[in-house]
Amino acid sequence: MSNEKRQIAILGSTGSIGTQALDVIREHADLFEVYALTANNNVELLIRQAQEFLPEMVVIANESKYEPLKAALAHLPIKVWAGEEALSQVVQAEPIQMVLTAMVGYSGLKPTISAIRAGKTIALANKETLVVAGELITQLAIENRTPILPVDSEHSAIFQCLAGESDNPIEKIILTASGGPFRTFSKEQLAAVTKEAALKHPNWSMGAKITIDSASMMNKGFEMIEAKWLFDVTTEQIQIVVHPQSIIHSMVQFSDSSIKAQMGLPDMRLPIQYALAYPNRIFSNFERLKFNKFPILSFEEPDTCKFRNLELAYEAVRKGGNMPCILNAANEIAVAAFLKDKTSFLNMSDGIEKTMQQVPFIASPDLNDYIQTDAEARAKAKEFFN
Ligand code: MG
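Now for a quick tour of the structure.

**Points about the overall build of the protein**
Phase 1: When you go through the protein residue by residue, the secondary structure sums to 16 helices and eleven strands.
Phase 2: Over its C-alpha trace the protein gives a radius of gyration of 20 Å, about what one expects of a compact globule, namely 21 Å for 386 residues.
Phase 3: Each principal axis of the C-alpha atoms in the protein carries an extent, and together these give about 60 × 50 × 40 Å.
Phase 4: Expressed as a percentage of contacts within the protein between residues at least 6 apart in sequence, the contacts between residues at least 24 apart total 67%.
Phase 5: Carbon together with sulfur atoms contributes 50% to the accessible area of the protein, which is approximately 16,700 Å² in total.
Phase 6: When the 36 positive and 45 negative side-chain charges of the protein are each reduced to one mean point, those points stand 4 Å apart.

**Describing the coordination of the magnesium ion**
Phase 1: For the magnesium ion, every protein donor is listed as Asp-152 (OD), Glu-154 (OE) and Glu-223 (OE), and the spread of their distances is 2.1 Å.
Phase 2: Written as a sequence motif, the donor arrangement for the magnesium ion is D-x1-E-x68-E. Of this pair, Asp-152 sits in the loop between β7 (148–150) and α7 (153–161) while Glu-223 sits in helix α11 (residues 218–231); the two residues are 71 residues apart in sequence, bridging distant segments of the chain.
Phase 3: Judged by its relative accessible area of 1%, Glu-223 is buried.

**Some points on the pattern of salt bridges**
Two side chains carrying opposite charge are able to pair once their charged atoms lie near each other.
Phase 1: What the rule picks out here adds up to 18 salt bridges.
Phase 2: Among the salt bridges present, the one from Asp-350 reaches Arg-308, with a minimum N-O distance of 2.8 Å. Note that Asp-350 is positioned in helix α15 (residues 347–358) and Arg-308 in helix α13 (residues 308–319), a separation of 42 residues in sequence.
Phase 3: A relative accessible area of 32% means that Asp-350 is categorised as partly exposed.
Phase 4: We classify Arg-308 as partly exposed; its relative accessible area is 22%.

**Regarding the pairing of strand β9 (residues 238–242)**
Phase 1: By the criterion of burial, β9 is predominantly enclosed, with four of the five residues buried.
Phase 2: In the sheet, strand β8 (residues 170–177) pairs with β9 via five bridges, with the strands oriented parallel. Considered in β9, the bridge of Ile-173 is made with Ile-238.

**Side note on the environment of Lys-200**
Phase 1: Mapped onto the elements, Lys-200 comes out in the loop between α9 (195–198) and α10 (208–215).
Phase 2: Residue classification places Lys-200 among the exposed residues on the basis of a relative accessible area of 60%.
Phase 3: Those residues within four positions of Lys-200 in sequence are excluded, and the remaining contacts are Pro-181 and Thr-211.

**A look at the sheet that holds strand β6 (residues 121–124)**
Phase 1: Reading across the sheet, the seven strands line up as β4-β3-β2-β1-β5-β6-β7 and stay open at both edges, with parallel pairing between neighbours. The sheet terminates laterally at β4 (79–82) and β7, the two strands that pair on one side only. Between one strand and the next, the sheet's axes are offset by a mean angle of 20°, whatever the strand orientation.
Phase 2: Bridge count for strand β1 (residues 6–11) against strand β5 (residues 98–101) is four bridges, and the pairing is parallel. Looking at β5, one finds that Ile-10 is bridged to Leu-100.
Phase 3: Helix-sheet contacts for helix α2 (residues 43–53) involve β2 (32–39) and β3 (57–60), and the interaxial angle to β2 is about 160°.

**Focus on the packing of helix α6 (residues 128–143) against α11**
Each pair of packed helices gets described by two things: the angle between the helix axes and the distance between those axes.
Phase 1: Running from N to C, α6 and α11 point in directions that differ by 20°, and their axes come no closer than 8 Å. Considered as vectors, α6 and α11 are oriented roughly parallel to each other. Handedness of the crossing formed by α6 with α11: left-handed. On α11, the residues that touch Glu-128, Leu-130, Val-131, Gly-134, Glu-135 and Thr-138 of α6 are Phe-222, Ile-225, Glu-226, Trp-229 and Leu-230.
Phase 2: For the contact of α6 with α11, a count of residues per class yields six nonpolar, two polar and three charged.

**Some remarks on unusual backbone geometry**
Phase 1: Cis geometry marks the peptide bond from Tyr-278 to Pro-279; its omega dihedral reads 5°.
Phase 2: In this fold, Pro-279 is placed in the loop between α12 (269–277) and α13.
Phase 3: Phi at Arg-145 is positive, roughly 50°, even though this residue is not glycine.
Phase 4: Inspection of the secondary structure puts Arg-145 in the loop between α6 and β7.
Phase 5: With a phi close to 55°, Asp-232 is a non-glycine residue in the positive phi region.
Phase 6: On the secondary structure map, Asp-232 appears in the loop between α11 and β9.

**Observations concerning the nonpolar core**
Phase 1: In terms of nonpolar packing, the biggest core is built from 90 residues, with Ile-25, Phe-32, Leu-69, Leu-100, Met-224 and Leu-327 touching the most fellow members.
Phase 2: The greatest single-element share of this core, amounting to ten residues, is contributed by helix α14 (residues 323–339).
Phase 3: Excluding residues within four positions of it along the chain, Phe-32 makes contact with Lys-5, Arg-6, Ile-8, Val-24, Ile-25, Leu-276, Ala-277 and Ile-282.
Phase 4: By size, the runner-up hydrophobic cluster in this structure holds 31 residues, among which are Ala-93, Ile-96, Met-103 and Tyr-106.

**A few points about α15**
Phase 1: For α15, with twelve residues, the first-to-last C-alpha span of 17 Å sits near the 16 Å given by 1.5 Å per residue.
Phase 2: Check the buried side of α15 and you find it contacts α10, α11, α13, α14 and α16 (367–385).

**Some words on the side chain of His-243**
Phase 1: Among the structural elements, His-243 can be located in the loop between β9 and β10 (248–254).
Phase 2: Judged by relative accessible area, which is 1%, His-243 ranks as buried.
Phase 3: Excluding anything up to four places from it in sequence, His-243 contacts Thr-176, Ala-177, Ser-178, Ile-248, Leu-297, Ser-298 and Phe-299.

Each value, and the rule that gives it
Counting of residues starts from 1 at the beginning of each chain's written sequence and follows it residue by residue. Where local features are concerned, this predicted model is filtered to residues with pLDDT of at least 70; where side-chain atom pairs are given and counted, the filter is 80 or more; whole-chain, interface and lining totals use all residues. Here the side-chain values reflect all heavy atoms present in the structure, with hydrogen atoms and water set aside. Helix numbers and strand numbers start at the N terminus; a helix is a DSSP run of H or I with at least 4 residues, a strand a run of E with at least 2. As defined in this context, the radius of gyration uses C-alpha atoms, and a globule is described by 2.2 Å times the residue total to the power 0.38. Working rule for contacts: check all heavy atoms of both residues, and any pair within 4.5 Å makes them a contact. Working definition of accessibility: Shrake-Rupley area with a 1.4 Å probe, residue cover restricted to the visible protein chains. Two residue types count as positive, namely Lys and Arg, and two as negative, namely Asp and Glu; His and chain ends fall outside the count. By convention, charge coordinates are those of NZ in Lys, CZ in Arg, CG in Asp, or CD in Glu. Coordinating donors are taken as N, O and S atoms within 2.8 Å of the metal, stretched to 3.2 Å for Na, K and Ca; because water is absent from the atoms, sites can appear incomplete. Burial classification: accessible surface area is computed with a 1.4 Å probe over protein chains only, and a residue below 20% of its type maximum counts as buried, one above 50% as exposed, and the rest as partly exposed. Here, a salt bridge means any side-chain nitrogen of Lys or Arg that lies within 4 Å of a carboxyl oxygen of Asp or Glu. Only when DSSP finds a minimum of two bridges between them are two strands counted as paired. Angular values range over 0 to 180 degrees, each being the angle between N-to-C directions of two axes fitted as lines to C-alpha atoms, with helices fitted over their stretch in contact. Angle categories: roughly parallel below 35 degrees, roughly antiparallel above 145, roughly perpendicular from 65 to 115, and oblique for all the rest. By the definition used in this description, the sense in which the near helix is turned from the far one sets the handedness, with an anticlockwise turn below a right angle giving left-handed and a clockwise turn giving right-handed. Gly is placed with the polar residues, together with every amino acid not listed as nonpolar (Ala, Val, Leu, Ile, Met, Phe, Trp, Tyr, Cys and Pro) or charged (Asp, Glu, Lys and Arg). Here the nonpolar core consists of buried residues drawn from Ala, Val, Leu, Ile, Met, Phe, Trp, Tyr and Cys, with membership extended through side-chain atoms lying within 4.5 Å. The span one expects for a helix is its residue count, reduced by one, times 1.5 Å.

Next comes the structure, spelled out in structure tokens:
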């Protein structure tokens, strides 16, 4: 790395990934500098982060929070903006080299497109962007010669396994899944799970939306779609394997039958740091894996009868077009309803399936089609869940 500090924008700096990225940057202030921070709603934390990291600009998406943000930072040389549109503008600022997309759900799509068009390297934590519009995003990234570096732990693992293998085609990706808190539950037990139980992930500490997605296995369905686009493979080349210890973060099999795995304790700061410092590996004081604490690494097949979301994700990506966008929108509404105790755990899949049947299919959608599909799918899903 050159002695100039890498200039970073973090979209979603107050969330789980955003705060952990700032932990990494704080430890490596000699390498990284925060150029822009954005948040959706959490103005109190955004103020504290801005006071500590002194970015050039901050954005709060929720415009009603603009005044308190502006007032709190008035004595500092920080530009303060508000609104969804400002997110797409801020990422274009000339000095920014890397944009970490760490916001939740569909809201990541437009700012990510804007950052790619401006030629910024993307550190992609917002997997929904590739679920919704993977073809459009990967095409744009190729046209703009913009690297997309994965932050999702599984995809970071695959990416790390591919280092030095650029001439060697992937035969198969083995995407590992913890199986979540309900891995061993029967269908009857699944029918009765509460949101409190679903919010307790056995291995990973993450935001609420992705924790529910992990419990329902939709997260793994999304990651299968994400892997297809990031690594240019077919869904048949991706095998999902349940590995409850979350030590192997994913694997790649090559044409000579050799399999490479990336391992470590489950800690999101590692894949975040790998993307921020790429292609370098930099020191971390993260806890080291001790094999005697994990005498058994086990593997099982995922149960798509119990976890129907996995099957729905395969169906959506095989159908292609705007179907994964419908899947994502319906899932966002389903998870929000579940978190408000308005639907049961298993009923989420029913609503997603129904929405996939109802919204008109578009085989080759453009950006406007995606925007319209997202709105229609949300409306249909709300009818189901409310
Ligand atoms: Mg993951």
